[in-house]
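# Chains, contacts and geometry: an overview
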Amino acid sequence: MRPTARPGSAALEEGWRCLGNRSKRRPPADAVKRGAAAVSTFEEMKEPDDQDTDGEKSVTSKSDGKKSLRSSKSESRSPVQEDNTFLEDDTDETFNEGEGSYLEEDSDEERLEGSLSSFQYDDLQSTTVPQQTPAPAVEEAEEEVKKKISESFFYDYMELASMPFVTLDSNIPLDLLTLVHSFGYDCRKRANLQLLDDSIAIYIAGNQLIFLNLKTKEQIYLRSSSGEGIGVIGVHPHKTYFTVAEKGSFPDIIIYEYPSLRPYRILRDGTEKGYAYVDFNYSGNLLASVGSNPDYTLTIWNWKEEQPILRTKAFSQEVFKVTFNPDNEEQLTTSGSGHIKFWEMAFTFTGLKLQGSLGRFGKTITTDIEGYMELPDGKVLSGSEWGNMLLWEGGLIKVELCRGTSKSCHNGPINQIMLYEGEVITVGSDGYVRDANGAIWKLDLSFSNITQDPECLFSFHSGAIEAVAVSPLTYLMATTALDCSVRIYDFASKTPLAQMKFKQGGTALVWVPRMVNFTGAQIIVGFEDGVVRILELYDPKGLTIFAGRKKILDADIQLKQVFKPHTACVTALAYERDGEILATGSKDQTVFFFEVERDYKPIGYINTPGPVCQLMWSPMSHPESTLLIMCENGYILEAPLPTIKQEEDDHDVVSYEIKDMCIKCFHFSSVKSKILRLIEIEKRERQRELKEKIREERRNKLAAEMGEDGEKEFQEEEEEEEEEEEEEEPLPEIFIPSTPSPILCGFYSEPGKFWVSLFGIETEPIPEDIEDPKAYSIENARRKREHDKLMKEVGEIKAQKREQIKALRSEFCKLLEMNEKLPKHMQFKRTDFDVDSQIRAEMHRKTAFKIQQVEKELAWEKEKHELGLMKLKNRFRDPLESDTIVVHAILSDHKISSYRLVQPSKYSKFKRASQSERKPSKLDRFEKEGPGRKDSQRDAGGSVTIQEESIVEKGKKFRPKTLSEIIVENQIEKTRKLILKAERAQLKIQQRKKEWEELYKSKPGDDYEDPKDLQAIKEAQVYMGDFNLKTAPDYKIPEHMRINAAKKEEELGHLDSLVHGNKRHMNKCILSLRDLKVAVVEEIQCLVEELKNIQLTLHISKHIPIPKIPQIHPEEVPEKRFQYDEETLLNFKQQQMKSNDEKSPGVEQTGSGGPVGGFLKLSSGKDGDLTTRDSISRSSKASTFSLDIPKCLEFEKAEPTDVELEIMKRDEIKHVYMQQYLVNRIKELVVTFDAELRLLRHQKLKLDTQMKLSDLHHVTLFQEILLLKNFEKQENVLQERVNSLDKEEQYMQWKINETLKEMEEKKNEITKLQEQEKALYAGFQAAIGENNKFANFLMKVLKKKIKRVKKKEVEGDADEDEESEESSEEESSLESDEDESESEDEVFDDSICPTNCDVALFELALQLREKRLDIEEALVEEKKIVDNLKKEYDTLSKKVKIVATNLNAAEEALEAYQREKQQRLNELLVVIPLKLHQIEYVVFGEIPSDLSGTLVFSNHALRRLQERIRELQEENSKQQKLNKEWRERRKQLIREKREMTKTIHKMEETVRQLMISKFGRVVNLEALQTLSVNTTLEELKIRKLRKELANAKEMKMWEEKIAQMRWELMMKTKEHTRKLYQMNDLCIEKKKLDSRLNTLQNQQGNAFQGPREADVVAREEVTELIQLQAERISALKEEIALLRRKGGLILPPIQSPREKEIQPADL
């Protein structure tokens, strides 16, 4: 038995529910549709001898037919109470010890696969108690259970699982159908995929919870306990439990143990209909659940005790998710439709409560939140509908996260957010990380080089399955769904076989019968776009298709044929019983027939009265082959087999519609009211018969007792009873619902009979209330109908006349056409149709002449009026940006008018060039420039640095360098660096001295104060007083508040721009409202036309008044005033002649037929027929209901049958409904427009108030501009004077600063020269020594004063100096006076060196004397320059004082003028509207009559003053605190200074002791650091290095020769070896000889590996050389150590040049 599910079923495992379910758990009709997209197969109950070949365990009922044991709660719900029992043993456990041990012995995998069957089919050893237990005992037992539940207590799964309901007399076994496998997975259900361990995943499919082994792909099933579906599932953090939240009426939450799968706890009464989400806390002791519609209840459970802890309503809209915060279990988060809410479990004075805080989106658009995540710091990261992430903190959005390029994170909503190893992973509905097409993927989140690609583990349908079909030949099944796929399953091997994707979703599917395709490998599929495709299942390898196939890829699907018979989705497919004809049905209300044998050639189609839902051909038992067509709207048609026409080309077919087919039509309507009427009639008949019977018995009794008297008495009583009897109530009316019950399915039973299944709920019609106060009364409605009827008749007469004229015109046109078709020689001329051509010609001639004469006469007037019109346009119309538009309401008298808006004023278009910029104040200059002036621009250029290059580099930079040269250069560079190092040390010492000097110079004095502090104190004294009024005599206008005419004009232009913008925006809104009214009027016109068409088909008694079409007033379209024609001008002239007072061109005439009304009023003939695209689209919605009337099937042209009468009656009801619907639609449009107008009118009233205030402000600003222009000229003069004086002062100040800078530089140069002089004397003293007897003589020579002549520049000869072209040298000659030289010669002669005096010292003294004289001359020059700079500084200081005095006077004059200007501005009156609550100045509780002494503050200014008071108080306390801290800091610095002084003294003493211990005396470390290196020694080292490099080069050359010889020897050896190998190949038998040759070869190779004699000699020479160098180094070290000792410099003995040349050679 293989049942198939009907189309629309989402979970086909529910197909066996056709047997029924228990009444307490019976699901609703749409329970199947709410299930997952799944396909399940079932097996028929096997005989006892059959063997189960699947080996797969599933949860089923017991085969022995025993009644399942029920719990105490299920007893109260069971319909058969006497059969229900419940368990109760000593330990309150369902399972005994033996079963527990059995379960514990199994492994985890065995328990997963066999636990369900093991604990279901084992005998339960427990005692049963009858149900008739006293109620108090049961309540006491329940109270004990509530107090504490044993941890080892488990429920019985068989008592919880929903089972089929079977009537007692049906004899159908409960396990008739067995669930074998499920191919379903609902990918659209939230949290519908959970992992229990690495290989087991669980998900929901319909009423089943499926356990899927990801490795073996085996499935285990748990059924729902409610029978109405499963809402959501959840897994315990420890993976030891999982929860199943049900659906239904007050569903349960069942918590199962894993892996035993035994029901552990049941949570009841948590919601009304179903659960939306469940979540365990991090420790697993609490469970949170949230319900779905309608209650959305949030409950916190102590699930082990089955008790709710907290419960509240989560939100008023749908809630998607609830979770605990993993870091704080007292906090929860819920999210859903348009909200996110943050919860906290808090203890209050009433106990533990759930306190919720709703997240506020602020400026962010409100969004549905699907996924979120709690961060460790308490913040929450949520998703959004547009794909970005929102970070929540404290209920507010802190930041919105997106990608780096401002792109959203996902293209759609974010469904899930996870935190994995510090990284945030998001899952979106755009396909990234999530598959919305019904699949389960495996992802590797390691993100490394070895990361595996995503793997699709399982694939399913996405959404509900629309159709399923089973192969007639083998165990194959085909399905299709709206996910645009067709899938083939092999349900014998439980594997998907093949699938094929399309662009449209499938809606119908049938397996082609074997009589059409013998192989049974074709299926036919209908799609939602009306296309029908024939698909063929084939084996790409050519193998035969068979059941139980192991390889999935051995089959594939290919497209065999495709055609499109319908325009809407295909709903039914059916092959005729002989396989000759295919019928297809669709929602486009057609059934198409195809001839199968001729490659599905189309036969034709028939129309149906409604969308087709099922097609059924008659079976073979019927004599004729007929097609049963079932429509959704209650119609059933029976069509015969269509006639197949003979050979006919498709191109000759005009239409495929079959019009001559004899079709039977059936229509089913409700008979409920008729049955109720018959029941009421029978009831009354029985009551009447009972009364008659009682009356007859009483009459017989009275007749027997009293005789004739009794008969009379009985007649009197009867008359009294008849008088007392009331009239009978009328019988209930027969009611037939307007909407028929839909047909679910139908099938043939016997010939001429068929069964139909209908579904629907009847509702009594509710009379429509009259809400419109202006609705017509009964009489007015009758009059309106009569008037409409009369107008209709008049319109018909007019239409007849027009038709006659049109007929004559068309006849004339036909005559003209006939004339044109005639041969040219037979055609009449156009003039031949005239009665008298001369008359027509004369009329034309006279008319043309008169027109010409009139144009000449009116030429001057025409030109005059054209010029006048042009001037009027230029003056009034061209500057006008928008004219006044008045929009009227339709029902009320409200109206709204736009602003007559002119173009912006001149102030808003341009900015006048303001006056020359004012000079910056002293405070501004101080803030910009800082405490010191900027450096001069003359010092902006950087100093030129001379790059040092060595002579060696210049000589060798153009050729490549060898290694020896590089080594020598490195040694030279090393020497140069040593010299430079000594020079840098000296520069560093000088720099350090300079820094110390600058540091000491920058040391502030004891009375020093920071200039910034002084400036801040001064600013506070000037500006931080009371709130000065502008009217105060001592009010000083701040710099930023000074205004002039240019600023006021800018302010006025800004005001005009704002006003113009607001008015323009309001005008746009009013214009849009006017356009809306035009669209509404057009749509009402369309609706009225449709209403009239409907009323043509209805009887006049059922007509309702047609609403009046609103009119467009002339003032609503003022632009039409400028649209005129000749008739308009003539009409205007007549009006002007009648009344000279009315000169407006927009005057209307209210009379009908006037020419003015043609362009001032929207007429139905010209403007009323113009409908917009929107109105047409809107009206088309109604017309589809009213005018798209299904064609009645004409079977015979006789009188209408009952069916046709019924159809006509239904059409009449439908037209009445559409009539009322259109009237209501018109009313709705009118009311909506009036509401929009009133709302916009309210906004305009507010804007009018603002515009009046802006007009007042505009007047004030204009008065201020006029006043400021009067002051502008004198103010500019004063400002120019201030600016010029300020520039002069700045220039003087700059000159002073430059002078001071130059003086400072010159003083520094003088100091340097003095230091050089001291250094010169100190160096000479050091060169002389201590005990030199010529010391005084040499010192006198050095200090001798000589008068020198000024230096002269002498140009050197080009032949003598190579650099004469680049520079010139200065030569100086010394000339002394004869008198002085003679006197000095008498004392001593400095030109001759004394005997025994060192000549070098004498020459040194002469050289140093020249340097001393140069230094003294430079000192004299520098001192002269310093004196001149001092004089210049004094002069500039005096000038600066004079300029500053003049500047202060000019600034005071400007300030006085500004004060005068401000006083004049204060005298202007300013209008400020105030409300009574804004006036706080009261006297004795009343507002005084004179408010001239009051001040007007804005709320912002008042708040600013109040805030300033608080700021000053805080600043005062802060300054006091800082003062205290700085005092403490000062004391601490004093203490630190004392300690540092002591430390410095100690370090100086330590340094002195170290100098004495090392040098024997206190030496100058600076002189020691600046000692130069011994150049002679360095030259010797360089020569030695060069010699070593030459030797190394020669050794390298010999080594290269040796290597070359070795290479040649190696090549010879290789060649020899190659020949030996050749000999080895030719002479294999000579192995011994080859062995000896190889030995000889090895010996020859070893001979070259030993050391050669030349190498040994060279190595010995190098060793001796190194030893000599080591000895020389030790000697130099001893000499250096000797030089470091006390006693001065010891020069080495002078060697002859010959010895210097020999010595390196020895080395």
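Residues numbered from 1 in each chain as written. Predicted model: local features only at pLDDT ≥ 70, side-chain atom pairs only at ≥ 80, totals over all residues. Heavy atoms only, no water.

Right, let's talk about the overall build of the protein chain for a bit. Counting secondary structure elements, the protein chain contains 28 helices and 52 strands. Counting over 1707 residues, the protein chain shows a buried share of 33%. The contacts in the protein chain between residues at least 6 apart in sequence include a share of 61% that link residues at least 24 apart. Accessible surface for the protein chain amounts to roughly 113,000 Å². Of this, 53% is attributable to carbon and sulfur atoms. (Helix = DSSP H or I, 4+ residues; strand = E, 2+ residues; numbered from the N terminus. Buried < 20%, exposed > 50% of the residue type's maximum accessible area, 1.4 Å probe, protein only. Contact = heavy atoms within 4.5 Å. Areas by Shrake-Rupley, 256 points an atom, 1.4 Å probe, with all protein chains shown as cover.)

It is worth spelling out the nonpolar core at this point. Core analysis: the biggest nonpolar cluster contains 26 residues, and Leu196, Ile202, Leu209, Phe211 and Phe242 have the highest contact counts within it. Elements with a contribution of two residues or more to this core: helix H5 (157–160), strand E6 (200–205), strand E7 (208–213), strand E8 (219–223), strand E9 (230–235), strand E10 (241–246) and strand E11 (253–257). In this view, Leu209 contacts Ile202, Tyr203, Ile204, Ile220, Tyr221, Leu222, Ile230, Ile233, Phe242 and Val244; residues no more than four positions away in its chain are not counted. Among the nonpolar cores identified, the runner-up in size contains 22 residues, and Phe593, Cys631, Ala639 and Ile1207 belong to it. (Core = buried A, V, L, I, M, F, W, Y, C linked by side-chain atoms within 4.5 Å.)

Within a beta sheet, neighbouring strands are joined by backbone hydrogen bonds and run either parallel or antiparallel to one another. Strand order in the open sheet formed by 4 strands is E5-E6-E7-E8, with antiparallel pairing between adjacent strands. Unpaired on one side and paired on the other, strand E5 (194–195) and E8 mark the two borders of the sheet. In the sheet, E5 pairs with E6 via 2 bridges, with the strands oriented antiparallel. When the bridges of E6 are listed, Gln194 appears paired with Ile202. (Pairing = 2+ DSSP bridges.)

Within strand E42 (residues 626–631), 6 of the 6 residues are buried, which leaves it mostly tucked inside the rest of the structure. In E42, alternate side chains face the same way, and those of Thr626, Leu628 and Met630 on one face and Leu627, Ile629 and Cys631 on the other are all buried. As paired elements, strand E41 (residues 612–617) and E42 share 5 bridges and run antiparallel to each other. Across the sheet, residue Val612 finds its bridge partner in E42, namely Cys631. As paired elements, E42 and strand E43 (residues 635–640) share 5 bridges and run antiparallel to each other. Directly across from Met630, in E43, lies its bridge partner Ile636. Hairpin remark: E42 followed by E43, antiparallel, with 3 residues in the connecting loop; positive phi at Gly634, about 100°.

A separate point is unusual backbone geometry. In this model, Tyr258 is joined to Pro259 through a cis peptide bond whose omega is 15°. With respect to the element layout, Pro259 can be found in the loop between E11 and strand E12 (263–267). Of note, the bond from Asn293 into Pro294 is cis; its omega dihedral lies within 30 degrees of zero at 15°. We note that Glu306 has phi near 60°; this positive angle belongs to a residue other than glycine. Within the fold, Glu306 resides in the loop between strand E15 (297–302) and strand E16 (307–313).

Looking now at the packing of helix H15 (residues 1045–1097) against helix H19 (residues 1202–1328). For the pair H15 and H19, the least separation of the axes is 9 Å and the interaxial angle reads 165°. Taken together, the axes of H15 and H19 lie roughly antiparallel to each other. At the point where H15 passes H19, the crossing takes the left-handed sense. Broken down by class, the residue content of the contact of H15 with H19 amounts to 30 nonpolar, 9 polar and 14 charged. (Axes fitted to C-alpha atoms, helices over the stretch in contact; angles between N-to-C directions. Parallel < 35°, antiparallel > 145°, perpendicular 65-115°, else oblique. Left-handed = near helix turned anticlockwise from the far one by under 90°. Nonpolar A, V, L, I, M, F, W, Y, C, P; charged D, E, K, R; others polar.)

A separate point is a positive patch on the surface. A cluster of basic side chains, namely Arg1527, Arg1530, Lys1531, Arg1535, Arg1538, Lys1542 and Lys1546, defines a positive patch on the protein surface. Its place among the elements puts Arg1535 in helix H23 (residues 1499–1559). (Patch = residues over 30% accessible without salt bridge, like charges linked within 9 Å, V, L, I, M, F, W, Y side chains within 5 Å. Salt bridge = Lys/Arg side-chain N within 4 Å of Asp/Glu carboxyl O. Lys, Arg positive; Asp, Glu negative; His and termini not counted. Charge placed at Lys NZ, Arg CZ, Asp CG, Glu CD.)

The next thing to look at is the pairing of E16. Walk down a regular strand and you will see the side chains alternate between the two sheet faces. Pairing of E15 with E16 involves 6 bridges; the strand directions are antiparallel. Counted as the bridge partner of Thr299 is Arg311 from E16. In sequence, E15 turns back onto E16 through a hairpin of 4 residues, with Glu306 there showing a positive phi of about 60°.

Ordered in space as E13-E14-E15-E16, the 4 strands form an open sheet in which the pairing is antiparallel. On the outer flanks of this sheet lie strand E13 (275–280) and E16, each paired with one strand and no other. Each strand axis lies, on average, 15° off the axis of its neighbour in the sheet, ignoring direction. Where strand E14 (residues 287–291) and E15 come together, 4 bridges link them in antiparallel fashion. From the neighbouring strand, Ala288 faces E15, where its bridge partner is Ile300.

A separate point is the pattern of salt bridges. With the rule as written, the count across this model stands at 34 salt bridges. Residue Arg190 is joined to Glu370 by a salt bridge in which the shortest nitrogen-to-oxygen separation is 2.9 Å. With Arg190 in the loop between strand E4 (177–182) and E5 and Glu370 in the loop between strand E20 (351–358) and strand E21 (372–374), the pair connects residues that are 180 residues apart, well separated along the chain. With its nearest N and O atoms 2.9 Å apart, the salt bridge here joins Arg688 to Glu685. Here Arg688 pairs with Glu685, and both are found in helix H6 (residues 672–706), just 3 residues apart, close to one helical turn. Several salt bridges share partner residues, and in doing so they unite Arg190, Glu318 and Glu370 into one network.

Looking now at the packing of aromatic side chains. All told, the structure shown has 28 aromatic pairs when counted by the stated rule. Aromatic pair Phe563 and Phe594: ring centres 4.6 Å apart, planes at 40°, arrangement tilted. Of this pair, Phe563 sits in strand E36 (residues 556–563) while Phe594 sits in strand E39 (residues 590–595), and the two are 31 residues apart along the sequence. Of the two residues, Phe563 and Phe594, both sit in the buried class. Aromatic rings pair up to connect Phe563, Phe592, Phe594, Tyr600, Tyr605 and Tyr656 into one cluster. The lysine or arginine in question, Arg514, covers the ring of Phe518, its NZ or CZ lying 4.6 Å from the ring centre. Between Arg533 and the ring centre of Phe527, over which it is positioned, the NZ or CZ distance is 4.5 Å. (Phe/Tyr/Trp six-rings, centres within 6.5 Å; stacked < 30°, edge-to-face > 60°. Lys NZ or Arg CZ within 6 Å of the ring centre and 35° of its normal.)

Look at H23: 83 Å from first C-alpha to last across 61 residues, which is about the 90 Å you get at 1.5 Å a residue. Count one or two residues on from H23 and you reach Gly1560, which has phi positive near 85°. (Expected span 1.5 Å × (residues − 1).)

To continue, consider the packing of H19 against helix H22 (residues 1399–1466). Between H19 and H22, the least distance of the axes is 6 Å, while the angle of their chain directions is 165°. Taken together, the axis directions place H19 and H22 in an arrangement best described as roughly antiparallel. Relative to H22, H19 is oriented so that their crossing is left-handed.

It is worth spelling out a nonpolar patch on the surface at this point. Taken together, the side chains of Leu1476, Tyr1481, Val1482, Val1483, Phe1484, Ile1487 and Leu1491 present a nonpolar region at the surface, about 720 Å² in accessible area. Residue class for Ile1487 comes out partly exposed when judged on its relative accessible area of 39%.

In this section: the environment of Leu212. Relative to the helices and strands, Leu212 resides in strand E7. According to the relative accessible area criterion, Leu212 is buried, its value standing at 2%. Here the alpha-carbon distance between Leu212 and Ile200, two residues 12 residues apart in the chain, equals 5.6 Å. With residues up to four places along the chain from it excluded, the contact list for Leu212 reads Ser199, Ile200, Ala201, Tyr203, Lys217, Glu218, Gln219 and Phe458.

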